[in-house]
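Now for the letters of each chain:
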Amino acid sequence: AEVSGLPPTRARIRAADTLRHTGLFEERYRAMGGYSTGMKQRVKLAQALVHDPTFVFLDEPTAGLDPVGREEMLALVRKTHRDFGISVLFSSHLMVDVERTCDRIIVLQGGRLVQSGEVEHFTKETETLFIEVDANRDRFVVALEERGVLVTSDGHGIYVEGSDESIYDHVRAALVDSEAPLRRMAPTRRALTELFRPHGAAGGDEGEAT
């Protein structure tokens, strides 16, 4: 904090507040050499926040973290923006983290901007319905196909294609005919990973989001 120009007294107060924010206040007197990877990542975040910046750039802040540490870091990033109003540029190749953390996305390829916009624009609902049933799955699929419904399935559930309300009538009738108890039905959503498929606009290997 002093390196960033804060006077000593203010620097100590600010350092304590920032360590408390990042969950390291109780560990502040321990040597950093004994910190876990997750704790070291939080120290880096504290160093970036201690002088109360208006903008922070975080490059792969969840790299090397276990699932628990990753969840804690993502929560800290969201809290930093929500509670302190600090704008965050969150750079990551983990699109799941981007979807859960960011409001807007910027996609780069070869150093050039190829996509940008609200995250929800890239993850909007598709015309594919995802369906799970508790029993009689095969009979349900046959009943759908008999009604001319395009059906695909995997180990998780059944996917049907349709862009109008009639698809719901077909699904309801097929459920009744096959005596298949419905567990869940909802439109699928696009995933940010689609931006990086060969046929996508980006087709590259570099993504940043804020």
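Anyway, here's the lowdown on the structure attached to this text. (Residues numbered from 1 in each chain as written. Predicted model: local features only at pLDDT ≥ 70, side-chain atom pairs only at ≥ 80, totals over all residues. Heavy atoms only, no water.)

Time to look at the environment of V133. Position of V133 relative to the elements: it lies in strand β5 (residues 125–133). By relative accessible area, V133 is classed as buried at 17%. Put simply, V133 and R183 are 50 residues apart on the chain and 5.0 Å apart in space, counted from C-alpha to C-alpha. If we ignore the near neighbours within four places in the chain, the residues touching V133 are F140, L175, A180, P181, L182 and R183. (Helix = DSSP H or I, 4+ residues; strand = E, 2+ residues; numbered from the N terminus. Buried < 20%, exposed > 50% of the residue type's maximum accessible area, 1.4 Å probe, protein only. Contact = heavy atoms within 4.5 Å.)

Interhelical geometry of helix α6 (residues 137–146) versus helix α7 (residues 166–178) gives an angle of 135° and a closest axis separation of 8 Å. As summarised for this structure, α6 and α7 are arranged oblique, according to the angle between their axes. The handedness of the crossing between α6 and α7 comes out as right-handed. Here α6 contributes R139, F140, A143 and L144 to the contact with α7, which in turn contributes H170, V171, A174, L175, D177 and S178. Of the residues contributing to the contact of α6 with α7, the split by class is six nonpolar, two polar and two charged. (Axes fitted to C-alpha atoms, helices over the stretch in contact; angles between N-to-C directions. Parallel < 35°, antiparallel > 145°, perpendicular 65-115°, else oblique. Left-handed = near helix turned anticlockwise from the far one by under 90°. Nonpolar A, V, L, I, M, F, W, Y, C, P; charged D, E, K, R; others polar.)

Once that is clear, we can look at α7. Taking 1.5 Å of rise per residue, the 13 residues of α7 would be expected to cover 18 Å, and the 18 Å separating its terminal C-alpha atoms lies within 8% of that figure. For α7, every residue scored as buried is listed here: I167, V171, A174, L175 and S178. Viewed along the axis of α7, the buried residues span an arc of 100°, placing them on a single side of the element. E179, located one to two residues past α7, shows a positive phi value of around 55°. (Expected span 1.5 Å × (residues − 1). Arc of directions from axis to C-beta.)

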